[in-house]
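# Observations on chain architecture
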Amino acid sequence: MAENDGEIARWQADWQVESAPLELDAAELRRRVRRRTLSLACQAATAVLLTAGGLVALAWVASRAANRWDWVVFAGFAALFAGALAMEIGSLRGLWRPTEPTTEAFLELAIRRCRRRLWTLRVGFWVLAGEWLLFTPWIHLRAVEKQALGGDGLGTYLLGFGLLAVLSAAYGLIGSWLGRRARRELAELEGMRRD
Amino acid sequence: MPETVALAGAHRPALPVEKDVSRAELAARFETLLAREAAALRRVAASYAADHGRREDLFQDICLAIWTALPRFRGEASERTFVFRIAHNRGIAAAARRSTATEDLAAVEELADGGASPEAAVERRQRQASLQGAVRHLPLGLRQVLTLTLEGLSQREIGEVIGISEGNVAVRLTRARKTLRERLGEDRRS
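Residues numbered from 1 in each chain as written. Chains lettered and ligands numbered in written order. Predicted model: local features only at pLDDT ≥ 70, side-chain atom pairs only at ≥ 80, totals over all residues. Heavy atoms only, no water.

### Some thoughts on the overall build of chain B
If you tally the helices and strands in chain B, you get seven helices and one strand. Listing every helix and strand of chain B by position from the N terminus yields β-α-α-α-α-α-α-α. Scored against the burial criterion, the 190 residues of chain B give a buried share of 49%. Within chain B, contacts between residues at least 6 apart in sequence are counted, and of these 69% link residues at least 24 apart. Accessible area of chain B: about 9100 Å², with a carbon and sulfur share of 52%. (Helix = DSSP H or I, 4+ residues; strand = E, 2+ residues; numbered from the N terminus. Buried < 20%, exposed > 50% of the residue type's maximum accessible area, 1.4 Å probe, protein only. Contact = heavy atoms within 4.5 Å. Areas by Shrake-Rupley, 256 points an atom, 1.4 Å probe, with all protein chains shown as cover.)

### With respect to the overall build of chain A
Each helix and strand counted, chain A has five helices and one strand in total. Secondary structure elements of chain A occur, N-terminal to C-terminal, as α-β-α-α-α-α. Of all 195 residues assigned to chain A, the portion counted as buried reaches 32%. A total of about 12500 Å² of accessible surface is found on chain A, and carbon and sulfur atoms cover 67% of it.

### What about the side chain of Arg43 of chain B?
Within the element layout of this structure, Arg43 of chain B appears in helix H1 (residues 23-46). Judged by relative accessible area, which is 11%, Arg43 of chain B ranks as buried.

### Notes on a nonpolar patch on the surface
On the surface, Leu173, Ile174, Trp177 and Leu178 of chain A cluster together into a nonpolar patch covering about 430 Å² of accessible area. The class of Ile174 of chain A is exposed, set by a relative accessible area of 51%. (Patch = residues over 30% accessible without salt bridge, like charges linked within 9 Å, V, L, I, M, F, W, Y side chains within 5 Å. Salt bridge = Lys/Arg side-chain N within 4 Å of Asp/Glu carboxyl O.)

### Things to note about the packing of aromatic side chains
All names here are of chain A. Scanning all chains against the criterion turns up seven aromatic pairs over all chains. With centroids separated by 6.2 Å and ring planes inclined at 15°, the aromatic side chains of Trp132 and Phe161 adopt a geometry described as stacked. Of this pair, Trp132 sits in helix H4 (residues 103-148) while Phe161 sits in helix H5 (residues 153-194), and the two are 29 residues apart along the sequence. Residue classification places Trp132 among the partly exposed residues on the basis of a relative accessible area of 29%. Judged by relative accessible area, which is 25%, Phe161 ranks as partly exposed. (Phe/Tyr/Trp six-rings, centres within 6.5 Å; stacked < 30°, edge-to-face > 60°.)

### What to know about the nonpolar core
One finds Leu189 of chain A together with Ile66 and Phe82 of chain B to be the most contacted residues of the largest nonpolar core, which totals 63 residues. The biggest single contributor to this core is H1 of chain B, with 10 residues. Apart from the residues within four sequence positions on either side, Phe82 of chain B is in contact with Leu33, Ile66, Ala69, Leu70 and Phe73 of chain B. Leu58, Phe77, Leu134 and Ile139 of chain A belong to the second largest nonpolar core, which has 10 residues in total. (Core = buried A, V, L, I, M, F, W, Y, C linked by side-chain atoms within 4.5 Å.)

### What to know about the packing of H4 of chain A against H5 of chain A
All names here are of chain A. Relative orientation of the contacting elements H4 and H5 amounts to 170°, with a least axis distance of 9 Å. Classified by the angle between their axes, H4 and H5 sit roughly antiparallel to one another. Counted by class, the contact of H4 with H5 contains 25 nonpolar, 12 polar and 10 charged residues. (Axes fitted to C-alpha atoms, helices over the stretch in contact; angles between N-to-C directions. Parallel < 35°, antiparallel > 145°, perpendicular 65-115°, else oblique. Nonpolar A, V, L, I, M, F, W, Y, C, P; charged D, E, K, R; others polar.)

### What about the confidence of the model for chain B?
Residue and element names in this part refer to chain B. With 77% of its residues at a pLDDT of at least 70, chain B reaches an overall mean of 80. Element-level pLDDT for chain B is lowest in strand E1 (residues 5-8), with a mean of 35, against a maximum mean of 95 in helix H5 (residues 140-150). Scored below 50 in pLDDT, residues 1-18 shows 42 contacts in the model against residues more than four places distant or in partner chains. Here residues 100-113 scores under 50 on pLDDT; set against residues more than four positions off or in separate chains, the count is 30 contacts. (pLDDT = per-residue confidence, 0-100.)

### Some points on the environment of Glu151 of chain B
Relative to the helices and strands, Glu151 of chain B resides in the loop between H5 and helix H6 (155-162). Taking C-alpha positions, Glu151 of chain B is 9.9 Å from Glu37 of chain B, a pair spaced 114 residues apart along the chain. Those residues within four positions of Glu151 of chain B in sequence are excluded, and the remaining contacts are Trp15 and Gln16 of chain A together with Ala40, Arg43, Arg80 and Phe84 of chain B.

### Quick word on H5 of chain B
Residue and element names in this part refer to chain B. Where burial is concerned, most of H5 is hidden: 11 out of the 11 residues are buried. Taken residue by residue, H5 has Leu140, Gly141, Leu142, Arg143, Gln144, Val145, Leu146, Thr147, Leu148, Thr149 and Leu150 as its buried positions. One or two steps after H5, the chain reaches Gly152, where phi turns positive at roughly 90°.

### A short note on the packing of helix H3 (residues 79-97) of chain B against H6 of chain B
All names here are of chain B. Across the interface, H3 lies against H6 with an axial gap of 9 Å and an inter-helix angle of 45°. Regarding the angle of H3 to H6, the classification is oblique. You can see that H3 and H6 cross each other, and the crossing is right-handed. Side by side, H3 and H6 meet where Thr81, Phe84 and Arg85 of the first sit next to Glu157, Glu160 and Val161 of the second. Of the residues belonging to the contact of H3 with H6, the class tally is two nonpolar, one polar and three charged. (Left-handed = near helix turned anticlockwise from the far one by under 90°.)

### Quick word on a positive patch on the surface
A cluster of basic residues, Arg122, Arg180, Arg181, Arg183 and Arg184 of chain A together with Arg97 of chain B, forms a positive patch at the surface. Element by element, the count of residues in the positive patch is highest for H5 of chain A, at four residues. Tracing the backbone through its elements, the reader meets Arg184 of chain A in helix H5. Among the residues examined, Arg184 of chain A registers a relative accessible area of 41% and is labelled partly exposed. (Lys, Arg positive; Asp, Glu negative; His and termini not counted. Charge placed at Lys NZ, Arg CZ, Asp CG, Glu CD.)

### Some thoughts on the confidence of the model for chain A
Detail in the predicted coordinates should be disregarded across regions flagged by low pLDDT. Here chain A averages 81 in pLDDT, while 89% of its residues score no lower than 70. Averaged pLDDT values for the elements of chain A fall to 61 in strand E1 (residues 22-25) of chain A and rise to 90 in H5 of chain A.

### Considering helix H3 (residues 68-90) of chain A
Taking 1.5 Å per residue, 23 residues should reach 33 Å; H3 of chain A reaches 32 Å between its end C-alpha atoms and fits that length. All buried positions along H3 of chain A are accounted for by Asp70, Val73, Phe74 and Phe77 of chain A. (Expected span 1.5 Å × (residues − 1).)

Rendered as structure tokens:
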């Protein structure tokens, strides 16, 4: 044991080799605090704006609804929206703080958060699929209606499906990138837990 | 010999402050804590990041996390346990976010002028770099126990930081020492 104590002492001496006096940049620390606070505020504001914007848009379009199909689509969209929001809020349970103030608990929390990010992305794809199901017949009906009134039905198809396609492509690209990052992070964290 | 920490600038980041602790008291407490533990926190950062830039980023991240958590610290554990826990949590988060697993060449840290000859200083640096490199290759559970031991924490304190029993700490430490011995032996041969 004396030999082993000597080993630790030798390693400690090598480990704690004195470094030159350290400079901690308090201004940089202050900038980081501000950036992080701003980032969190922006995320919260974006969520609130998107929710409010979605509700306002829904109400505006619903107020101009001409027939029952419009109401069916809007009700369906509102249900999708409300469902996604409820699942999002519900999934936040247990993700605020580690269960104990230890590094093992922090590791578990980090893993849960990663899994939750991946789950949110998957749910997003299903919501997108739901929107296609909901809006495809509606766009078609609108186009036919417009055509019957002598208007540009093709334009309605292009605008409607074009918007859906752009939304899907954007979500697909961003979602894939975020998903790859989250999976890589999850693999690292699970590896650390196995260690 | 206590490490010297020069805090540039007179301002402190603005954070919500508990009623019974003034901002000035918190700032003073933070400065005292950092003056005592900054070198150790730098070494913890070195056990998670080889690259000098990433190590500095992680060190800043650790300091930021300590500053943010300090108002909520109620003395449930020792201050050492408190700061090391935060340091290792930030290290885990940084290691998980790392995009590649390749080990960059670590920048050699400047050493204090302790009056030693240049050759002795170079040799000390090389031994430290070799030890840090070997420690970084340890699995996380063993790495944490070993680095905390090298920082002088007791097995009880290490158990509090990580969230395992003292017995488990002893077992991990034995495995860590064996692995590190083998690793340092391999480094010397290569």
